[in-house]
Amino acid sequence: MDELTTSSFKTTGSKWLLPVSDFFGFPLDQVNFLACQVFALGAAFWFRLYLSPQFSSPVVRHAVATLFGLSFVIFCFGWYAVHISVLVMVCYRILVTADIHNIHRYTMIMAVSYLAVCQVSRVFIYNYGILSTDFSGCDLTISKGRPGSKPSLIEYLSYNLNFLSILVGPCSHYKDYIDFIEGRHVQRRLRRLSASNTGQNGYDKVSEPSPMAAVTRKLLICGVCMVLFLTLTKAFPITYNVDSHFVNEAPFLTRLTYAFFSIQAARPKFYFAWALADAINNAAGYGFKGVDEAGQVSWDLISNISIWGIETATSFKKFIDNWNIQTGVWLKTVCYDRAPRYPTALTFILSALWHGVYPGYYFTFITAIPITLAARAVRKNVRQYFLSSHPVKLVYDVVTWAATQLCICYTVMPFLLLAVEPTMQYYRSMYFHIHIISILTVIVLSQSHKPRGSSSNGTKPGPYDPHPQAQPQLQPSNNNVKRK
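Residues numbered from 1 in each chain as written. Predicted model: local features only at pLDDT ≥ 70, side-chain atom pairs only at ≥ 80, totals over all residues. Heavy atoms only, no water.

Under an unreviewed UniProt entry, the chain has the name Membrane bound O-acyltransferase domain containing 1 and belongs to Oncorhynchus kisutch. Under the Subcellular location (unreviewed entry) heading, UniProt states for the chain: "Endoplasmic reticulum membrane". (UniProt positions renumbered as here; feature names shortened; annotations may be inferred.)

A. Representation of the environment of Thr12. For Thr12, the location among the structural elements is in the segment before helix 1 (18–24). With relative accessibility at 30%, the residue Thr12 sits in the partly exposed group. Taking the C-alpha atoms as reference points, Thr12 and Phe75, separated by 63 residues in sequence, lie 8.9 Å from one another. For Thr12, the residues in contact, after removing those within four places along its chain, are Phe77, Gly78, Trp79 and Tyr80. (Helix = DSSP H or I, 4+ residues; strand = E, 2+ residues; numbered from the N terminus. Buried < 20%, exposed > 50% of the residue type's maximum accessible area, 1.4 Å probe, protein only. Contact = heavy atoms within 4.5 Å.)

B. How the structure looks around helix 17 (residues 359–381). Here helix 17 spans 34 Å end to end across 23 residues, near enough to the 33 Å set by a 1.5 Å rise per residue. Along helix 17, the largest kink reaches about 25 degrees and is centred on Ile369; proline Pro370 follows within four residues of it. (Expected span 1.5 Å × (residues − 1). Bend = angle between axes of the 7 residues up to and from the residue.)

C. Spotlight on the nonpolar core. By size, the foremost hydrophobic cluster in this structure holds 78 residues, and its most contacted members are Phe47, Phe163, Tyr177, Phe180, Met413 and Tyr426. It is helix 12 (residues 252–283) that provides the largest number of residues to this core, a total of 12 residues. Not counting chain neighbours up to four residues away, the residues in contact with Phe180 comprise Phe47, Pro53, Arg61, Leu164, His185, Ala284, Gly285 and Tyr286. (Core = buried A, V, L, I, M, F, W, Y, C linked by side-chain atoms within 4.5 Å.)

D. Up close: helix 8 (residues 174–181). With eight of eight residues buried, helix 8 lies mostly within the body of the structure. Among the residues of helix 8, Tyr174, Lys175, Asp176, Tyr177, Ile178, Asp179, Phe180 and Ile181 are the ones counted as buried. Just downstream of helix 8, Gly183 is the residue with a positive phi angle, here 85 degrees.

E. Seen up close, unusual backbone geometry. Gly169 connects to Pro170 through a cis peptide bond whose omega is 5 degrees. Among the structural elements, Pro170 can be located in the loop between helix 7 (153–161) and helix 8. We note that Phe432 has phi near 55 degrees; this positive angle belongs to a residue other than glycine. Here Phe432 shows up in the loop between helix 19 (420–429) and helix 20 (433–449).

F. Molecular detail of the packing of helix 2 (residues 28–50) against helix 3 (residues 58–77). Look at helix 2 against helix 3: their axes get within 10 Å of each other, and the N-to-C directions meet at 170 degrees. In terms of orientation, helix 2 lies roughly antiparallel with respect to helix 3. Contacts between helix 2 and helix 3 involve Asn32, Phe33, Cys36, Phe39, Ala40, Ala43, Trp46 and Phe47 from the first element and Arg61, Val64, Ala65, Phe68, Phe72, Phe75 and Cys76 from the second. Taken together, the residues of the contact of helix 2 with helix 3 sort by class into 13 nonpolar, one polar and one charged. (Axes fitted to C-alpha atoms, helices over the stretch in contact; angles between N-to-C directions. Parallel < 35°, antiparallel > 145°, perpendicular 65-115°, else oblique. Nonpolar A, V, L, I, M, F, W, Y, C, P; charged D, E, K, R; others polar.)

G. A look at the pattern of salt bridges. Under the defined criterion, the tally for this structure stands at nine salt bridges. For Asp300, the salt bridge is made with Lys218, and the minimal N-O distance between the two is 3.1 Å. Remark: Lys218 occurs in helix 10 (residues 212–235) and Asp300 occurs in the loop between strand 2 (297–298) and helix 13 (307–311); sequence separation between them is 82 residues. On the basis of relative accessible area, Asp300 is assigned to the partly exposed category, the value being 32%. Judged by relative accessible area, Lys218 falls into the buried class, the value being 3%. For Asp321, the salt bridge is made with Lys317, and the minimal N-O distance between the two is 2.5 Å. Taken together, the positions of Asp321 and Lys317, both in helix 14 (residues 316–321) and four residues apart, correspond to about one turn of that helix. Residue classification places Lys317 among the buried positions, given a relative accessible area of 7%. Linked through salt bridges whose partners overlap, the residues forming this network are Arg217, Lys218, Asp278 and Asp300. (Salt bridge = Lys/Arg side-chain N within 4 Å of Asp/Glu carboxyl O.)

H. Representation of the environment of His185. When you line up the elements, His185 lands in helix 9 (residues 185–197). Exposure remark for His185: the relative accessible area of 4% places this residue in the buried category. Considering only alpha carbons, one finds His185 and Glu208, 23 residues apart in sequence, at a separation of 9.5 Å. Apart from residues lying up to four places away in sequence, His185 is in contact with Asp176, Asp179, Phe180, Gly285, Tyr286, Gly287, Phe288 and Leu301.

I. Representation of the UniProt feature "transmembrane region" (unreviewed entry) in the chain in the model. This chain's UniProt record puts "transmembrane region" (unreviewed entry) on residues 31–51, 63–95, 107–125, 219–240, 360–378, 398–420 and 426–445. Overall, residues 31–51 shows 95% helix and 0% strand. The separation of its end C-alpha atoms is 28 Å. Along residues 219–240 the backbone is 77% helical and 0% strand, and the end-to-end C-alpha distance reaches 31 Å.

J. Just the side chain of Ser14, in detail. Mapped onto the elements of the fold, Ser14 is located in the segment before helix 1. For Ser14, the side chain forms a polar contact with the main-chain nitrogen of Trp16, separated by 3.1 Å. Setting aside residues up to four positions removed in sequence, Ser14 forms contacts with Leu28, Asn32 and Phe75. (Polar contact = N/O pair within 3.5 Å; in protein donor to acceptor, adjacent residues only side chain to side chain.)

K. Quick look at the packing of helix 17 against helix 18 (residues 390–417). The geometry of helix 17 relative to helix 18 is characterised by a closest axis approach of 7 Å and an angle of 160 degrees between their N-to-C directions. The angle between the axes of helix 17 and helix 18 places the two elements in the roughly antiparallel class. Between helix 17 and helix 18 lies a crossing of right-handed hand. Of the residues in helix 18, those in contact with Gly360, Tyr361, Phe363, Thr364, Phe365, Thr367, Ala368, Ile371 and Arg379 of helix 17 are Tyr396, Cys407, Tyr410, Thr411, Val412, Pro414 and Phe415. Taken together, the residues that form the contact of helix 17 with helix 18 break down as 11 nonpolar, four polar and one charged. (Left-handed = near helix turned anticlockwise from the far one by under 90°.)

This is the structure in structure tokens:
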């Protein structure tokens, strides 16, 4: 019943590893993916040590990264690789020929493909000057300055098809990627941090830090997630939530409890994929973020998850902020910050388009709209009454954590069930209770909030909540960090 857990799952990719797939009972497409990522990890170390900018030209590094990436796509998807290749070439053509005033027209035409949405947004970013020479690379605010020079074909192909991120991501800034290829990634970020935080000019005396500690830590996380996947995920299959006997015989609280644990058990698969992708980028020397005041080096510039942030999230917004981080930043930049009306709804709809064509994706992201609005309303109207003391605040945090996890469970279930029929069966078994509660919450609290006037927060809220968390400041260290 679950196409993600049957070894007979068909793939258009290579059949070379079919004996391995049959032996372990894993789908061939997952075996191919894992084989490519393991190869990519080894290739990343080689890329950093033997094809470093000191020994190889940027053109060679671009070419090798692109060829490896294309090989992975062909190995995993077979002739489907034509799809992404054609899209990349079409979008490059738009990039080098289109006038800035026509970018929106091209975006709407190409939006029929979720992949094209991502590709055309790169064209959009170029033409609006994000790549101008004064771009810091530390945020996604669109610059109104003069656009930078357009990339060569090999640069654009490498950025889109490089083996470090072709299969899983993460998405990253073009400027950061080019700095990495040309050997300026670490020193330029140290210079930016030095200029913005300390005003010191000692950045050029700091040797490039080694990513080995970060790679080792992330590979250990991968190992733990793999064990959890092979145990918990198998023990709590998602499809049991819509098993007819279970739905008809088990009481509501039992079904709710099983749904909670099955969703928790499904996460290690995603943690594994993103942590491994992050480790691959770090192994190649990409992803350096900075050094904190204690001298600790961070290689989380393009990290896609914060497991601790996900598991301890006390709001819908905090959960989303720590899940698929780079895609969330991209969605905020290209949609939420630019939408004149209904930014939350439009951002979630674009996210559904970005993910693909399965109906479950649309159920998930459309359901997330009223839940997000309800969570925002509760925080705005209720949270202030629970800040009087630490014990009271702790009770509020525990309750909101439980509510957040249950809402995430309800929201994400269709994403994993994929089809319409099991999704509706699940909703009926849950009596649509989250839909009903969230819509009523929005109606009641929005009405009660009106007489109090507008919010004191004059800035536009984020796509999920008006209270973003402050991030720790990273600064360059005066201590030399030796490269391994």
